[in-house]
Amino acid sequence: MTRHPNVPRRLLATLTTFATALTLGLVATAATPAAEPARAVTPEHGDGDVILNLFQWTWDSVATECRDVIGPAGFGYVQVSPPLEHIRGSQWWTSYQPVSYRIESKLGTRAEFASMVAACDAAGVGVIADAVVNHMAGAGQSGTGVAGTQFSDDNFAGTYGAADFNDCRSNISDYTDRYQVQNCRLVSLQDLRTGSDYVRGRLAAYFDDLVSLGVDGFRIDAAKHIPASDLAAIKARMGNPNVFWVHEVIGAAGEPVQPSEYLGSGDSHEFDYARQLKRDFDGQIKNLRFIGDGKLPYDRAGVFVDNHDTERNGESMNYKWGAKYVLANTFLLSWPYGSPTVYSGYEFSNNDAGAPGATDTTVPDATCGSGRWTCTQRWTEVRGMVGFHNEVSGTEVTNWWDDGGNLVSYGRGARGYVVLNNTASAVQRSFQTSLPAGTYCDVVAASDCSVKRTVDSGGWFTASVPAYGALAIHVGERG
């Protein structure tokens, strides 16, 4: 989609509410609430709104991947790791300990970042930056950042001094205490006084700098630890206060700070979605039918199977789940709840380990097909389902069917149909769809339409679905 250069970009600009209801399929099942409606989007990049999170990829690697893979696959956006100067160290979490807001990090230089944004834009892919604005480096540290900036406990040269940090100098110990959660230190990190005019202005200037380089939106790291009113005030000071934000707010029952508080300045991530995926794929996936119940509004929720934190702390599934992990991503991209983010990181055995080959100041370019990078975006199933997601956007769930346990199927109006088999045995059966008669490519089985499914005039087709496998067809890929 051509964009006038002076028109600010906003992720998911147009939302339309659709009346929806689940249509029962081959057998009767328990009554269920109406399905969450899908987003109707007018994407400004590529064909859709799917975000790809390339964790710890260098700017040069992201640029190449946008051109060769991400754009052609139909991803709308790529989320990149924090673009700022941080402490030295090979561990991944050093990227989350800022020293200054210079766009210089172990992932690349400012010039490389700008070149990456331009390359992705040319490929039809917008850029979302992970923004670390709750804190600076950890207390008790001093030294030189990766770009040469000197820092010490209360002195970040040219950026902040002692008065710019909150008075609480202890770590958060009680997550039921709102004051502690939002004013004390998160794992010893120097907590910014986001209620001050100077800090707000400094953060707004950092956001504006990135927007000037072409960034489309931001993931607000550790948003839970910043009062929602402070974030709203910071955003209001931006040159474009309508830029897309999605907040990282890890909601938990009984805690005073909840994701819904932050909807005034952007979307929020729905961590309970990832938790339910883990629970149901380890139990019975028939329950996925109700995954939107009791969560954030469907059009304000950022959803994912895993991210860089949850894949390490056991809160969600991760790549080590193998075929079930692929199935979960298939569901993520086929079900109409929230804005989906596909995660792509690297293999690890040590939770602190940085990207393959990382040093104190550099990270090598990512390599797919060899080494330890997972490169989820290149998997046949994921690429096929991104196309599926884009094709069925705006349709309701139809023809739901389940076997009472771990075999489910459902349609997306008259545009697509999915089967998920979360069992250890292949299953052959007939499925009824709302699709027009014809021959369709199974987009999770192959990328070249070498596996086809034929739907008859009544909307039925018969197929064998592999153990811990899936089947997906849509009107955009006909045999």
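Residues numbered from 1 in each chain as written. Predicted model: local features only at pLDDT ≥ 70, side-chain atom pairs only at ≥ 80, totals over all residues. Heavy atoms only, no water.

Concerning the sheet that holds strand β23 (residues 469–474)
The strand order across the open sheet formed by four strands is β16-β17-β18-β23, and the pairing between neighbours is antiparallel. The open sheet has two edge strands with one neighbour each: β16 (397–402) and β23. Neighbour-to-neighbour, the strand axes of the sheet open up by a mean angle of 10°, direction not taken into account. As paired strands, β16 and strand β17 (residues 407–412) are joined by four bridges and run antiparallel to one another. When the bridges of β17 are listed, tryptophan 401 appears paired with serine 409. Against the sheet, helix α8 (residues 323–332) contacts β17, β18 (416–421) and β23, and its axis sits at roughly 155° relative to β18. Strands in contact with helix α9 (residues 380–392) are β17, β18 and β23; relative to β23, the strand with the most contacts, it is inclined by about 40°. (Pairing = 2+ DSSP bridges. Helix = DSSP H or I, 4+ residues; strand = E, 2+ residues; numbered from the N terminus. Axes fitted to C-alpha atoms, helices over the stretch in contact; angles between N-to-C directions. Contact = heavy atoms within 4.5 Å.)

Some details on the side chain of asparagine 329
Within the secondary structure, asparagine 329 sits in helix α8. Ignoring any residue separated from it by four or fewer positions in sequence, one finds asparagine 329 in contact with Val305, Val342 and Val382.

With respect to the pairing of strand β2 (residues 77–80)
It is a general feature of regular strands that their side chains alternate between the two faces of the sheet. Residues Tyr77 and Gln79 line one face of β2 and the alternating positions Val78 and Val80 line the opposite face, and both faces are buried. Here four bridges tie strand β1 (residues 51–54) to β2, and the two strands are oriented parallel to one another. Bridge pairing in β2 links leucine 52 to valine 78. Regarding topology, helix α1 (residues 59–73) serves as the crossover connection from β1 to the parallel β2, and that connection is right-handed. Relative to strand β5 (residues 126–132), β2 runs parallel, the two being bridged by four bridges. The residue of β5 that forms the bridge with glutamine 79 is isoleucine 128. (Buried < 20%, exposed > 50% of the residue type's maximum accessible area, 1.4 Å probe, protein only. Right-handed = clockwise from strand over helix to strand, strands pointing away.)

Structural notes on the pairing of strand β14 (residues 301–304)
Burial along β14 is two-sided: the residues Ala301 and Val303 and Gly302 and Phe304 are all buried. Of the pairings in the sheet, the one linking β14 to strand β15 (residues 339–344) comprises three bridges and is parallel in character. What sits directly across from phenylalanine 304, in β15, is threonine 341.

Quick word on the pattern of salt bridges
Counted by the stated rule, this structure contains 18 salt bridges. Here glutamate 255 makes a salt bridge to lysine 224, at a shortest N to O gap of 2.5 Å. Taken together, the residues span a long stretch of sequence, with glutamate 255 in the loop between β12 (244–247) and β13 (267–269) and lysine 224 in the loop between β11 (217–221) and α5 (228–236) at a distance of 31 residues. Judged on exposure class, the residue glutamate 255 and its partner lysine 224 are both buried. Salt bridges here are not isolated pairs; linked through shared partners, they connect Asp130, Arg219, Asp221 and Glu248. (Salt bridge = Lys/Arg side-chain N within 4 Å of Asp/Glu carboxyl O.)

Considering α8
Of all ten residues making up α8, nine are buried, and the element is well covered by its neighbours. Here α8 has its buried residues at Lys324, Tyr325, Val326, Leu327, Ala328, Asn329, Thr330, Phe331 and Leu332.

Some words on α9
With 13 residues, α9 extends 18 Å between its outermost C-alpha atoms, agreeing within 8% with the 18 Å of an ideal straight helix rising 1.5 Å per residue. Among all positions in α9, only Val382, Gly384, Met385, Val386, Phe388, His389, Asn390 and Val392 are buried. Elements that come into contact with the buried residues of α9 comprise α1, α8, β15, β17, β18 and β23. Remark: glycine 394 follows α9 within two positions and exhibits a positive phi of approximately 90°. (Expected span 1.5 Å × (residues − 1).)

Section: the sheet that holds strand β9 (residues 155–156)
Taken in spatial order, the three strands line up as β7-β8-β9 in an open sheet, and their pairing is antiparallel. Unpaired on one side and paired on the other, β7 (143–144) and β9 mark the two borders of the sheet. Bridge count between β7 and strand β8 (residues 150–152): two bridges; the pairing is antiparallel. Within β8, the position partnered with threonine 144 by the bridge is glutamine 150.

A word on the state of the cysteines
Scanning the model with the defined rule gives four disulfides in all. Each disulfide pairs two cysteine sulfurs, and for cysteine 66 the partner residue is cysteine 120, the sulfurs being separated by 2.1 Å. On the sign convention where negative means left-handed, the S-S torsion of about 85° between cysteine 66 and cysteine 120 marks this disulfide as right-handed. With cysteine 66 in helix α1 and cysteine 120 in helix α2 (residues 110–122), this pair connects stretches of sequence that are 54 residues apart. In terms of burial, cysteine 66 and cysteine 120 fall into one category: buried. Here cysteine 168 is linked by a disulfide to cysteine 184, with a sulfur-sulfur distance of 2.1 Å. Measuring the twist about the S-S bond at about 100°, one finds the cysteine 168-cysteine 184 disulfide to be right-handed. A residue pair is termed long-range when its members are at least 10 positions apart, and cysteine 168 in the loop between β9 and α3 (178–183) and cysteine 184 in the loop between α3 and β10 (189–191) qualify at 16 residues. In this structure cysteine 168 comes out as buried when scored by relative accessible area, which is 12%. (Disulfide = S-S within 2.5 Å.)

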